[in-house]
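# Structural overview
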Amino acid sequence: MSTDEPRTTLVLAAIQTMVEGDLEDGLIRGDEVFDGSCSPVAGGSVGDLDQETTALQCFASTEENDDGTWSGYYYESTVNWTTGEYTYGPAQQ
C-alpha cells in the first residue's frame, strides 16, 4: 500500500492487515491486497501541524478487472496527531 505522506504509514499498514483478514474471512471479495492509498477528507490535511485530527479515506484494491481497472474497498480512519492514536474500519457505504 502506498501514500504520499509518511505520517499515514502506520494507518495504511493497519488497514492492509484488516483487509487481508477480511479477505481470509470471506467478508470481502478479491485475491489479495494489491495496492492502497489514503487521502484526507473534509478539507483535512496530513501536513497541517496545527490540526489535531485528520479524517482519512483509504482505498484497498483487491481485484484487477478484465479492462485493466481495479476493484476494491474503502476504509476510513481518524488520526489524532497529538496523541499518535488512530481508529480505522470499513467505510460506511
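These numbers come from a predicted model, not from an experiment. (Residues numbered from 1 in each chain as written. Predicted model: local features only at pLDDT ≥ 70, side-chain atom pairs only at ≥ 80, totals over all residues. Heavy atoms only, no water.)

## As for the overall build of the chain
The test is simple: For helices the rule is a DSSP run of H or I covering at least 4 residues; for strands it is a run of E covering at least 2, with both sets numbered from the N terminus onward. Buried residues are those whose accessible area, probed at 1.4 Å on protein chains only, stays under 20% of the maximum for their type, while exposed residues exceed 50% and partly exposed ones sit between those limits. Should any heavy atoms of two residues lie within 4.5 Å, those residues are counted as being in contact.
Helix and strand counts for the chain stand at one helix and four strands. In the chain, buried positions account for 28% of the 93 residues. Nonlocal contacts in the chain, meaning residues at least 24 apart in sequence, comprise 46% of its contacts between residues at least 6 apart.

## Overview of the pairing of strand β3 (residues 70-80)
The criterion, for reference: Two strands are counted as paired when DSSP detects at least two bridges linking them.
Here 11 bridges tie strand β2 (residues 53-64) to β3, and the two strands are oriented antiparallel to one another. Its bridge partner lying in β3, S61 is registered against G72. By the bridge criterion, five bridges tie β3 to strand β4 (residues 86-90) in an arrangement that is antiparallel. Counterpart to S77 in the pairing with β4 is Y88. Linking two consecutive strands that pair antiparallel, namely β3 and β4, is a turn of five residues; a positive phi of about 80° is found at G84 within it.

## A short note on a nonpolar patch on the surface
Inclusion rule: Distance thresholds for patches are 9 Å for like charges and 5 Å for nonpolar side chains (Val, Leu, Ile, Met, Phe, Trp, Tyr), applied to residues having over 30% relative accessible area and no salt bridge. In this description, accessible areas are obtained by the Shrake-Rupley approach with a 1.4 Å probe, and a residue is regarded as covered only by the protein chains that are shown. The term salt bridge refers to a pairing of a side-chain nitrogen on Lys or Arg with a carboxyl oxygen on Asp or Glu at a separation within 4 Å.
Residues L10, Y86 and Y88 make up a contiguous nonpolar surface patch of about 300 Å² in total accessible area. You can see L10 is positioned in helix α1 (residues 9-24). A relative accessible area of 60% places L10 in the exposed class.

## Notes on the packing of aromatic side chains
Quick reminder of the rule: When two rings of Phe, Tyr or Trp (its six-membered ring) have centres within 6.5 Å they constitute a pair, described as stacked for plane angles under 30 degrees, edge-to-face for angles over 60, and tilted for the intermediate range.
Using the criterion set out here, one finds three aromatic pairs in the structure. Measuring from ring centre to ring centre gives 5.0 Å for F34 and W70, while their planes differ by 50°; the resulting arrangement is tilted. Within this pair, whereas F34 is found in the loop between α1 and β1 (35-40), its partner W70 is found in strand β3, the two being separated by 36 residues in sequence. Look at F34 and you get partly exposed, because its relative accessible area is 36%. The partly exposed category is assigned to W70, whose relative accessible area is 39%. With centroids separated by 4.9 Å and ring planes inclined at 55°, the aromatic side chains of F59 and Y74 adopt a geometry described as tilted. Remark: Y74 occurs in strand β3 and F59 occurs in strand β2; sequence separation between them is 15 residues.

All quantities given are derived from atomic positions and should not be read as evidence of function.
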